[in-house]
Amino acid sequence: MLALSVPLYRRRIGRIALDTAACVALSALLVVSALAQDAPEKAGPLKLQLNKVETAAEACRITMVIDNTRGASLKSYKVDLFAFDTDGVAQKRVAVELGPLPPRKTLVKIFDFPGIACNKVGRVLLNDVLSCDGGDAGREACLERTETDSKAGIPFDR
């Protein structure tokens with residue numbers, strides 16, 4: 001009778017070992033899954049589009065489309081812009097607050113480059129991001145993820 005109980009004992013130990021290994025593997029999978037959910041999602045590009053320019057008295061009025069459809073909310077997003085004339089000479093500098101920017105939203109902002117007519121603007125440069133408050137992004141990270149585009153017939157670069 002003792003000889004019959006030994007194989008049963010070994011089968012039970014084998015089954016316990018197999019169940020333990022399965023539990024450890026499942027626990028590891030759950031931990032990895034939880035960590036992946038807690039990891040912050042990388043913010044997508046923040047797209048600035050120079051959409052339209054029009055003369056407004058003694059200024060060049062700019063219509064800017066800000067596409068934050070793949071980014072987090074920003075309380076402040078202030079940019080430093082330069083207008084260059086058609087000969088490539090820097091003419092006007094303006095700091096513009098484009099925020100607040102809600103998450104997953106596209107906005108339109110209108111502002112002026114005072115003292116320069118639109119037909120004298122040959123290029124607009126995103127010189128820097130002066131402030132970028134909100135989410136986990138710092139000023140440098142916001143500058144890195146900012147992309148520029150133009151539909152206004154005037155180049156807009158960074």
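In case you missed it, the structure is sitting above this.
Per chain, the residues get numbers from 1 upward, laid out in the order the sequence is written. Reporting in this predicted model follows two pLDDT cut-offs: at least 70 for local features of residues, and 80 or more for side-chain atom pairs to be given and counted; totals over whole chains, interfaces and linings ignore these cut-offs and use all residues. With hydrogens and water excluded, all non-hydrogen atoms of the structure serve as input to the side-chain values.

Engineer: Can you walk me through the side chain of Asn68 in this structure?
Structural biologist: Secondary structure follows DSSP: runs of H or I at least 4 residues long count as helices, runs of E at least 2 residues long count as strands, and numbering of each begins at the N terminus. Along the chain, Asn68 falls in strand β2 (residues 59–68). Judged by relative accessible area, Asn68 falls into the buried class, the value being 1%. In this scheme, a residue with accessible area under 20% of its type's maximum is buried, one over 50% is exposed, and one in between is partly exposed, where area comes from a 1.4 Å probe on protein chains only.

Engineer: Explanation requested: the pairing of strand β3 (residues 76–85) in the structure shown.
Structural biologist: Residues in a regular strand point their side chains to alternate faces of the sheet. For β3, the tally of buried residues reaches eight of ten residues, placing the bulk of the element in the interior. Examined bridge by bridge, β3 and strand β6 (residues 121–133) share ten bridges and lie antiparallel to one another. Residue pairing for β6: Tyr77 is matched across the bridge by Cys132. A pair of strands is considered paired only if DSSP assigns at least 2 bridges between the two. Here β3 runs beside strand β4 (residues 90–97); their pairing, made up of seven bridges, is antiparallel. Paired with Leu81 across the two strands is Val94, which belongs to β4. In textbook terms, the turn of a hairpin is the stretch between consecutive antiparallel strands, and for β3 and β4 this stretch comprises four residues, one of which, Gly88, has a positive phi near 85 degrees.

Engineer: How should the sheet that holds strand β8 (residues 156–157) be read in this particular structure?
Structural biologist: Adjacent strands of a sheet form backbone hydrogen bonds with each other and so pair up, either parallel or antiparallel. Spatial ordering of the open sheet is given by β4-β3-β6-β8, a layout of four strands whose pairing is mixed. In the strand order of this sheet, the two ends are held by β4 and β8, each with one partner. Pairing of β6 with β8, which is carried by two bridges, proceeds in the parallel orientation. Along β8, the bridge assignment pairs Leu125 with Asp157.

Engineer: How should I be thinking about the state of the cysteines in this particular structure?
Structural biologist: In a disulfide, the sulfur atoms of two cysteines are held together by a covalent bond. Disulfide: a pair of cysteine sulfur atoms within 2.5 Å of each other. For the structure shown, the criterion picks out two disulfides. The disulfide bridge from Cys60 ends at Cys118, spanning 2.1 Å between sulfur atoms. Measuring the twist about the S-S bond at about 110 degrees, one finds the Cys60-Cys118 disulfide to be right-handed. Of this pair, Cys60 sits in strand β2 while Cys118 sits in the loop between β5 (105–114) and β6; the two residues are 58 residues apart in sequence, bridging distant segments of the chain. With relative accessibility at 9%, the residue Cys118 sits in the buried group.

Engineer: In this structure, what is going on with the nonpolar core? I would like to understand it.
Structural biologist: Side chains of nonpolar character tend, in soluble globular proteins, to be buried together. For the purposes of this section, nonpolar cores are sets of buried Ala, Val, Leu, Ile, Met, Phe, Trp, Tyr and Cys residues that join through side-chain atoms within 4.5 Å. If you look at the biggest cluster of nonpolar residues, it comprises 29 residues, and the most contacted ones within it are Leu48, Tyr77, Val79, Leu81, Phe111 and Phe113. Looking at this core, the elements that each hand over two or more residues are β1 (46–56), β2, β3, β4, β5 and β6. If one sorts the elements of this core by residue count, β6 sits on top with five residues. We call two residues contacting when some pair of their heavy atoms lies within 4.5 Å. Discounting residues that sit within four places of it in the chain, Phe113 has contacts with Ala59, Cys60, Ile62, Leu81, Phe82, Ala83, Lys92, Arg93, Val94 and Val124.

Engineer: What is the right way to read unusual backbone geometry from this model?
Structural biologist: Excluding glycine, residues mostly carry a negative phi; peptide bonds, for their part, are mostly trans. Each neighbour pair has its own omega, and for Gly99 with Pro100 the value is 0 degrees, a cis peptide bond. The backbone of Ala57 shows a phi angle near 60 degrees, a positive value even though the residue is not glycine. Since its relative accessible area comes to 74%, Ala57 is described here as exposed. Positive phi values are uncommon outside glycine, yet Arg104 reaches one of about 50 degrees.

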